[in-house]
Amino acid sequence: MARIVRDWRIELIEAHPNLFHPPVGAPEATQGYPTCGHGWRDLLERLFTRIEAAMAEGGGWLRILEIQEKYGTLRFSWRGELSDESRTKVEEAIALAEARSACTCEECGEAGRLYRHGGMWMTRCPAHAKGEPVRIEAGLESFHVIRLTELHDMRVFFCRDYDRATDAFVATPPAAREE
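Residues numbered from 1 in each chain as written. Predicted model: local features only at pLDDT ≥ 70, side-chain atom pairs only at ≥ 80, totals over all residues. Heavy atoms only, no water.

**Some remarks on the environment of Leu62**
Part 1: Within the secondary structure, Leu62 is located in strand 1 (residues 60-70).
Part 2: Among the residues examined, Leu62 registers a relative accessible area of 0% and is labelled buried.
Part 3: Taking the C-alpha atoms as reference points, Leu62 and Gly80, 18 residues apart in sequence, are found 4.2 Å from one another.
Part 4: Contacts of Leu62, omitting those with residues within four sequence positions, involve Asn18, Leu19, His21, Ile51, Met55, Trp78, Arg79, Gly80, Leu82 and Val90. (Helix = DSSP H or I, 4+ residues; strand = E, 2+ residues; numbered from the N terminus. Buried < 20%, exposed > 50% of the residue type's maximum accessible area, 1.4 Å probe, protein only. Contact = heavy atoms within 4.5 Å.)

**Digging into the pairing of strand 1**
Part 1: As paired strands, strand 1 and strand 2 (residues 73-82) are joined by 10 bridges and run antiparallel to one another. Residue Arg63 lies in a different strand from strand 2, and its bridge partner there is Arg79.
Part 2: Adjacent in sequence and paired antiparallel, strand 1 and strand 2 are bridged by 2 residues, among which Tyr71 carries a positive phi angle near 55 degrees. (Pairing = 2+ DSSP bridges.)

**Examining the sheet that holds strand 4 (residues 120-124)**
Part 1: The strand order 4-3-5 describes an open sheet built from 3 strands, whose pairing is antiparallel. Each edge of the open sheet is held by one strand with a lone partner, namely strand 4 and strand 5 (132-133).
Part 2: Of the strand pairs in this sheet, strand 3 (residues 113-117) and strand 4 are connected by 5 bridges, and their pairing is antiparallel. Looking across to strand 4, one finds that Leu114 is bridged to Thr123.

**Regarding the packing of aromatic side chains**
Part 1: In the structure shown here, the tally under the stated rule is 2 aromatic pairs.
Part 2: With centroids separated by 5.9 Å and ring planes inclined at 70 degrees, the aromatic side chains of Tyr162 and Phe169 adopt a geometry described as edge-to-face.
Part 3: By relative accessible area, which is 5% here, Tyr162 ends up buried.
Part 4: The class for Phe169 is buried, based on a relative accessible area of 13%. (Phe/Tyr/Trp six-rings, centres within 6.5 Å; stacked < 30°, edge-to-face > 60°.)

**Describing unusual backbone geometry**
Part 1: The phi torsion at His21 lies on the positive side, around 55 degrees, for a residue other than glycine.
Part 2: Relative to the assigned elements, His21 resides in the loop between helix 2 (17-20) and helix 3 (41-58).
Part 3: A relative accessible area of 33% means that His21 is categorised as partly exposed.
Part 4: With a phi angle near 55 degrees, Tyr71 is a residue other than glycine that sits in the positive phi range.

**Regarding helix 1 (residues 8-15)**
Part 1: For helix 1, the complete set of buried residues consists of Trp8, Arg9, Ile10, Leu12 and Ile13.
Part 2: For helix 1, the secondary structure elements touched by its buried residues are helix 2 and helix 3.
Part 3: The N-capping residue of helix 1, defined by a side-chain oxygen 2.9 Å from the backbone nitrogen of Arg9, is Asp7. (Polar contact = N/O pair within 3.5 Å; in protein donor to acceptor, adjacent residues only side chain to side chain.)

**Remarks on the pattern of salt bridges**
Part 1: Considering all chains together, one arrives at 12 salt bridges under this definition.
Part 2: Across the pair Asp42 and Arg46 runs a salt bridge whose closest N-O atoms are separated by 2.7 Å. Of this pair, Asp42 and Arg46 are both found in helix 3, 4 residues apart, which corresponds to roughly one turn of the helix.
Part 3: Of the charged contacts in the structure, one is a salt bridge between Glu107 and Arg124, with a shortest N-O distance of 3.5 Å. Of this pair, Glu107 sits in the loop between helix 4 (84-101) and strand 3 while Arg124 sits in strand 4, placing them 17 residues apart in sequence.
Part 4: If you follow the salt bridges from partner to partner, you end up with Asp42, Arg46, Arg50, Arg100 and Asp167 in one network. (Salt bridge = Lys/Arg side-chain N within 4 Å of Asp/Glu carboxyl O.)

**Details of the state of the cysteines**
Part 1: Within this structure, the stated rule accounts for 0 disulfides.
Part 2: As a non-bridged cysteine, Cys108 has Cys125 as the owner of its nearest cysteine sulfur, 3.7 Å distant.
Part 3: In this structure Cys108 comes out as partly exposed when scored by relative accessible area, which is 33%. (Disulfide = S-S within 2.5 Å.)

**Side note on the packing of helix 1 against helix 3**
Each pair of packed helices gets described by two things: the angle between the helix axes and the distance between those axes.
Part 1: Between helix 1 and helix 3, the shortest axis-to-axis distance is 11 Å and the interhelical angle comes to 5 degrees. As far as their axial angle goes, helix 3 and helix 1 are roughly parallel. Facing Trp8, Glu11 and Leu12 of helix 1, the residues of helix 3 in contact are Arg41, Leu44, Glu45 and Phe48.
Part 2: For the contact of helix 1 with helix 3, the per-class residue count stands at 4 nonpolar, no polar and 3 charged. (Axes fitted to C-alpha atoms, helices over the stretch in contact; angles between N-to-C directions. Parallel < 35°, antiparallel > 145°, perpendicular 65-115°, else oblique. Nonpolar A, V, L, I, M, F, W, Y, C, P; charged D, E, K, R; others polar.)

Written as structure tokens, this is what we have:
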């Protein structure tokens, strides 16, 4: 008997229907269907768990619009109506997932870094790497620019350090950055 292989993306959509709102009988046609490699499955599962927890606490609704890789990192877009508290937690969850994607191989999920190959940017481990590693200034390896929701005509950005081992942002004193 032939073995049926399930697509991890469809399993993810079916496990989180309140975020994806898949059409009946056609999860592959769902808006927000992930267009990234299997290596990011874990970070997406973490993201969805955090989003669902934020929504359970503060109510509201959320619909995933797009999940993709762009310039080697995760891009996640959504729309919805959330309380201010839930929105803050959702934005933090997205920022963590985007930061994790910058240091996680999109192919296998192991620790990785940014490479450039033929005009393409990708985050890969040494085993899956193609091209040349992108040069990163010493001390800025875990430094991430975080984009928050647009407020009126203004976009809010700030920078944080990400620790892959704890899957958390960490405070880095300015003096440590200067060294």
